[in-house]
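# Analysis of the macromolecular model
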Amino acid sequence: MWNEIGCAYCGSRPFKSRDAAPRVVSVKMRFALGLAVLALTLGAAAKASEDGACSPVRLDKKGGSIEHVPVLEQDGLPLCYSFAGAAAIDAYRFSHGDRNYKHLTSPFFHGLNNSFIREKADEFREPDDSLNLGGDSCIMINQIRKTGSCSRDAVGWTLKGLEWKKYLKYLAEFYEFRREYQSSQKYFKEGSGSISERYIQGQVAASKDFLACQKSLGVPVPEGLTPEFIAALLEQDNPFKFLKESIGQACSGKNVVPVSMPECTSMGNFSTDSIKYRKLIHRWLDLPDMQPLGIDLSTKVLTRPKGFRGINRITGTEIFPGSHAALIIGRRKNPKTKFCQFLVRLSWGKDPTGYAKEWTFTNGNLWVDAEDLSENIFGLWAIGGLSRILQQAD
């Protein structure tokens, strides 16, 4: 059931797919591989120098910025970017005076909201398929700086990912059905020229049935989502607004908290310099106000044996499809191999199966050798920006 497409069609856990058949290695590929080996050899000295100290860091332990942010499970939803972004936001909130630990930012709602904003430029996609667009963690984070953080409990966190997909499809079908009804009934007017009372009653009655269905699915029905409100939404010829507003009614009042934090910025796009990525990560983890560092990476580095390379650093292009957004939240020297490692916070829950045997899984996080991880990173992002460390890493 899991697909091989990661976050940019985002981050479903790709452990149960079979590998593709072996491909013949061309002369050009051999040459490229030779250059890659040479580059690795030349970079060994830089690696040893950069990873030499590798002082221990754990942001998930007592006093760490992400201590009060639980490991989540995206459960097949293509929203790894919003899961990583929501965790980064809550880490910043909780480490800067906010003690409302029960309010956790909703990855689902804010990812959905981000999809609706992007949907405006895409008229050919089905409304219920909005989540499959993928997204950008920093764009979502910077939206939340303006709108505030909606609580994940407000929008039915108990539902599983596949149920959410079915629910969105149900919303879209309900909207389309009622719009067809409007087309056939709206222009039957009473003698005064007003819209038929029977028509209005029909829309409200259908909206009541809609809310009853929501309750049967286990979706919380917020106070503002009344039959009259839904009937008014049905008057607008905009299926995306109907989906957003019918779910978004939960995100108001006490379910939203303001978030005061710096802007999120990013860098990346398949840089050919993996050593620079590693330097930047080390510099970030050495800062006094340590926050999680967002990364975009080739997913297979987490599941393939040590030495896997999902990005061609000679050409700066992706070799294997499948990407994932995650957070770096720690650093250590592996007690057995003595290699420096980074701790990656994932959004795949606490199931330890499927990861490469060389990496150590711990409570939803994964220790990965710094060199291997850096070779498979194609983007960094962070709340507060990367300007504090960019000059140091040149």
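The structure displayed is predicted, hence computed values, not measured ones.

To continue, consider the overall build of the chain. Broken down by element type, the chain carries 11 helices and 14 strands. Expressed as a percentage of its 394 residues, the buried residues of the chain come to 49%. Accessible surface, the chain as shown: approximately 19,000 Å² in total, 55% of it carbon and sulfur.

Take the packing of aromatic side chains next. Inspection of every chain in the model, using the stated rule, returns three aromatic pairs. Ring centres 5.0 Å apart and planes at 90° place the aromatic pair Phe94 and Tyr101 in the edge-to-face group. Note on Tyr355 and Phe361: the rings are 5.1 Å apart at their centroids and 25° apart in plane angle, and the pair reads as stacked. Like Tyr355, the residue Phe361 is buried in the burial classification. Here a set of aromatic residues connected by ring pairs shows up, and it is made of Trp348, Tyr355 and Phe361. The residue whose ring lies beneath Lys306 is Phe339, and the NZ or CZ to ring-centre distance is 4.9 Å.

On to the nonpolar core. Within the largest apolar cluster, 88 residues are counted, with the highest numbers of intra-cluster contacts made by Ile295, Leu302, Leu373 and Leu380. Residues within four places of Leu302 in sequence aside, it is in contact with Leu297, Leu346, Trp348, Tyr355, Ala356, Trp359, Leu366 and Val368.

This next bit is on the state of the cysteines. Under the criterion given, the structure shown has three disulfides. Two residues, Cys138 and Cys264, share a disulfide whose sulfurs are 2.0 Å apart. Residues Cys138 and Cys264 share a disulfide whose torsion about the S-S bond is about -60°; that sign makes it left-handed. Placement of the pair is Cys138 in helix H4 (residues 137–147) and Cys264 in strand S6 (residues 264–268), with a sequence separation of 126 residues.

Further remarks concern the pairing of strand S11 (residues 340–345). Within S11, six of the six residues are buried, leaving the element largely enclosed by the surrounding structure. Note that strand S10 (residues 323–333) and S11 share six bridges and pair antiparallel. Counted as the bridge partner of Ile328 is Val344 from S11. Connecting the antiparallel pair S10 and S11 is a turn made up of six residues, with Lys338 showing a positive phi of about 70°. Direction of pairing for S11 relative to strand S13 (residues 365–369): antiparallel, over a ladder of five bridges. Considered in S13, the bridge of Gln341 is made with Asp369.

This part takes up the environment of Asn363. Within the secondary structure layout, Asn363 lies in the loop between strand S12 (360–362) and S13. Residue classification places Asn363 among the partly exposed residues on the basis of a relative accessible area of 47%. Note: C-alpha distance between Asn363 and Asp351 (12 residues apart in sequence) is 8.4 Å. Every residue in contact with Asn363, bar those within four places of it in the chain, is listed here: Val71 and Lys350. At 3.3 Å, the side chain of Asn363 forms a polar contact with the side chain of Lys350.

What you tend to see is this: most non-glycine residues have negative phi, and most peptide bonds are trans. Backbone geometry places Lys338, a non-glycine residue, at a positive phi of 70°. With respect to the helices and strands, the residue Lys338 is situated in the loop between S10 and S11. One non-glycine residue, Asn363, adopts positive backbone phi at about 55°.

This part takes up helix H7 (residues 227–234). Residues spaced three or four apart along an α-helix point in a common direction, a consequence of the helix completing one turn every 3.6 residues. Regarding H7, the residues found buried are Pro227, Ile230, Ala231, Leu233 and Leu234. Each buried residue of H7 sits inside an arc of 160° when the element is viewed along its axis, so together they form one side.

Take the side chain of Thr105 next. As for its position among the elements, Thr105 is in the loop between helix H2 (80–94) and helix H3 (107–119). Polar contacts involving the side chain of Thr105 include one to the side chain of Asp90, which spans 2.7 Å. Within polar-contact distance, the side chain of Thr105 engages the side chain of Ser149 at 2.7 Å. When neighbours within four sequence positions are excluded, Thr105 is seen to be in contact with Ala86, Ile89, Asp90, Arg93, His110, Ile144, Ser149, Cys150 and Arg152.

On to the pattern of salt bridges, then. Throughout the structure, instances matching the rule amount to eight salt bridges. A salt bridge links Asp60 to Arg58, with the shortest nitrogen-to-oxygen separation between them at 2.8 Å. The salt bridge involving Lys306 is made with Asp369; its shortest N-O contact spans 2.8 Å. Note that Lys306 is positioned in the loop between strand S7 (293–298) and strand S8 (311–312) and Asp369 in strand S13, a separation of 63 residues in sequence. If you follow the salt bridges from partner to partner, you end up with Lys306, Arg309, Asp369, Asp372 and Glu375 in one network.

What follows concerns the side chain of Arg332. Structurally, Arg332 can be placed in strand S10. It is Asp369 that comes nearest to the buried, bridge-free Arg332 among opposite-charge side chains, at 7.3 Å. Here Arg332 is in contact with Cys54, Phe339, Cys340, Gln341, Thr360 and Trp367, once residues within four sequence places are set aside.

The rules behind each value
Residues numbered from 1 in each chain as written. Predicted model: local features only at pLDDT ≥ 70, side-chain atom pairs only at ≥ 80, totals over all residues. Heavy atoms only, no water. Helix = DSSP H or I, 4+ residues; strand = E, 2+ residues; numbered from the N terminus. Buried < 20%, exposed > 50% of the residue type's maximum accessible area, 1.4 Å probe, protein only. Areas by Shrake-Rupley, 256 points an atom, 1.4 Å probe, with all protein chains shown as cover. Phe/Tyr/Trp six-rings, centres within 6.5 Å; stacked < 30°, edge-to-face > 60°. Lys NZ or Arg CZ within 6 Å of the ring centre and 35° of its normal. Core = buried A, V, L, I, M, F, W, Y, C linked by side-chain atoms within 4.5 Å. Contact = heavy atoms within 4.5 Å. Disulfide = S-S within 2.5 Å. Pairing = 2+ DSSP bridges. Polar contact = N/O pair within 3.5 Å; in protein donor to acceptor, adjacent residues only side chain to side chain. Arc of directions from axis to C-beta. Salt bridge = Lys/Arg side-chain N within 4 Å of Asp/Glu carboxyl O. Lys, Arg positive; Asp, Glu negative; His and termini not counted.

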